[in-house]
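Inside the fold
The chain contents come next:
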Amino acid sequence: IVEQVRAVKVSSHMDRAQFDEVDVHEGLESALVMVKRKIGPGVTVRRDYDHDLPRIEAYPGELNQVWTNLIDNALDAMGGEGTLTLRTRAGEGQVTVEIGDTGPGIPADVMPRLFQPYFTTKGVGEGTGLGLPLARKTVEQRHGGRITVRSEPGATVFRVTLPTVHRRPEPGTATEGA
C-alpha cells in the first residue's frame, strides 16, 4: 500500500510545483508501479538506464502520464508474455526515453492512424483512442520534444526525445494549461 501511495504521489506530483526539475527514472519507476497489476509472471521488465541522465525541466505529472500510457499499451500488446524494455540515454541538451515491447507489432495499415484522436485497436470499452494523441501533445507541444514509433513483429519501440531545458509557456499563451 505504501508503494502504491508513493507512486500515485510521484505520478500526480501532488507534492511539487506544476513545472519542475524532473528525474525521468523516478517517473518511469512510478509508472511501473501504477501498472504493476498487468505485469504478470510471463513479463520481464528490462531496465537499460543511463545513470548519468540529467534531470530535465518539465511538467512532471504530465510526463508521468505519458510514461504510464506507453508502458500500459506495451503490456497490453504483449498479452501477458514478453519483455518490456525501458531505456534512457543522455544526448547533447536532450534525453531520450525508449519504451519497447516484444509483442506482435503494429500493423502497417494502423501506423498512420496511431496518433489520431479516438482511433484505437482495443475492443469496445477497453480503450478511448486518446492515450497516444495526448502523449504526442504532451511531448511535442508542452515539452518541445518529439515522439516516434518503429514497429515490426516482436519489436515495437516508442521513442520520446525531450530537451533538458525547456522554456515553459508564459501564462495566457495558447499552450499554457492545455
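In short, a report on the structure. Here the structure is a predicted model, which means the values were calculated and not measured. The residue numbers shown here count from 1 along each chain, following its written sequence. This being a predicted model, a pLDDT of at least 70 is required before a residue's local features are given, and a value of 80 or more before pairs of side-chain atoms are given or counted; all residues contribute to the totals for chains, interfaces and linings. With hydrogens and water stripped out, all remaining heavy atoms of the structure feed into the side-chain values.

Some thoughts on the sheet that holds strand β5 (residues 94–101)
Two strands qualify as a pair provided that DSSP identifies no fewer than 2 bridges between them. The numbering of helices and of strands both runs from the N terminus, where a helix is a DSSP run of H or I of at least 4 residues and a strand a run of E of at least 2. Strands sit in the order β2-β4-β5-β7-β6 across an open sheet of 5 strands; the sheet is mixed. Only two strands of the sheet have a single neighbouring strand rather than two, namely β2 (43–48) and β6 (146–152). Strand after strand, the sheet turns through a mean of 15° between neighbouring axes, direction not considered. Sheet topology places strand β4 (residues 82–91) next to β5; 8 bridges connect them, and they run antiparallel. Paired with Leu86 across the two strands is Ile99, which belongs to β5. Contacting β2, β4, β5, β6 and β7 (155–163), helix α3 (residues 60–78) crosses the sheet at an angle of about 25° to β5. In what follows, residue pairs with any heavy atoms lying within 4.5 Å of each other are defined as contacts. Helix axes are fitted to C-alpha atoms over the stretch in contact, other axes to C-alpha atoms as well, and angles between N-to-C directions run from 0 to 180 degrees. Contacting β6 and β7, helix α4 (residues 131–142) runs over the sheet at an angle of about 135° to β6.

A look at the layout of surface pockets
Space inside and on the surface of the protein is sampled on a 1 Å grid over the protein atoms alone, with a cavity defined as a set of points where a 1.4 Å probe fits but cannot get out and a pocket as an open set with protein on both sides within 12 Å along at least 5 of 7 lines; lining residues have an atom within 4 Å of a point. Grid points are joined across faces, edges and corners, and a volume is the space filled by probe spheres set on the points. Roughly 280 Å³ of internal volume is contained in the second largest pocket. Taken together, 15 residues form the lining of the second largest pocket, with Gln65, Val66, Thr68, Asn69 and Gly131 sitting closest to its centre. Mapped by element, the contributors of at least two residues to the lining of the second largest pocket are α3 and α4. Counting residues per element, the lining of the second largest pocket draws most heavily on α3, which supplies 7 residues. Residues that form the lining of the second largest pocket fall into these classes: 5 nonpolar, 6 polar and 4 charged. For this scheme, ten residues count as nonpolar: Ala, Val, Leu, Ile, Met, Phe, Trp, Tyr, Cys and Pro. Four count as charged, namely Asp, Glu, Lys and Arg, and the remainder, Gly too, count as polar.

Things to note about the pattern of salt bridges
We define a salt bridge as a side-chain nitrogen of Lys or Arg found within 4 Å of a carboxyl oxygen belonging to Asp or Glu. Evaluation of the coordinates by the stated rule reveals 10 salt bridges. As a salt-bridge pair, Asp48 and Arg89 come within 2.8 Å of each other at their nearest N and O atoms. With Asp48 in strand β2 and Arg89 in strand β4, this pair connects stretches of sequence that are 41 residues apart. A salt bridge links Glu98 to Arg87; the nearest nitrogen and oxygen atoms lie 3.0 Å apart. On the criterion of sequence distance, the pair formed by Glu98 in strand β5 and Arg87 in strand β4 is long-range, its members being 11 residues apart. Put simply, Asp48, Arg87, Arg89, Glu98 and Arg159 are held in one network by salt bridges that share partners.

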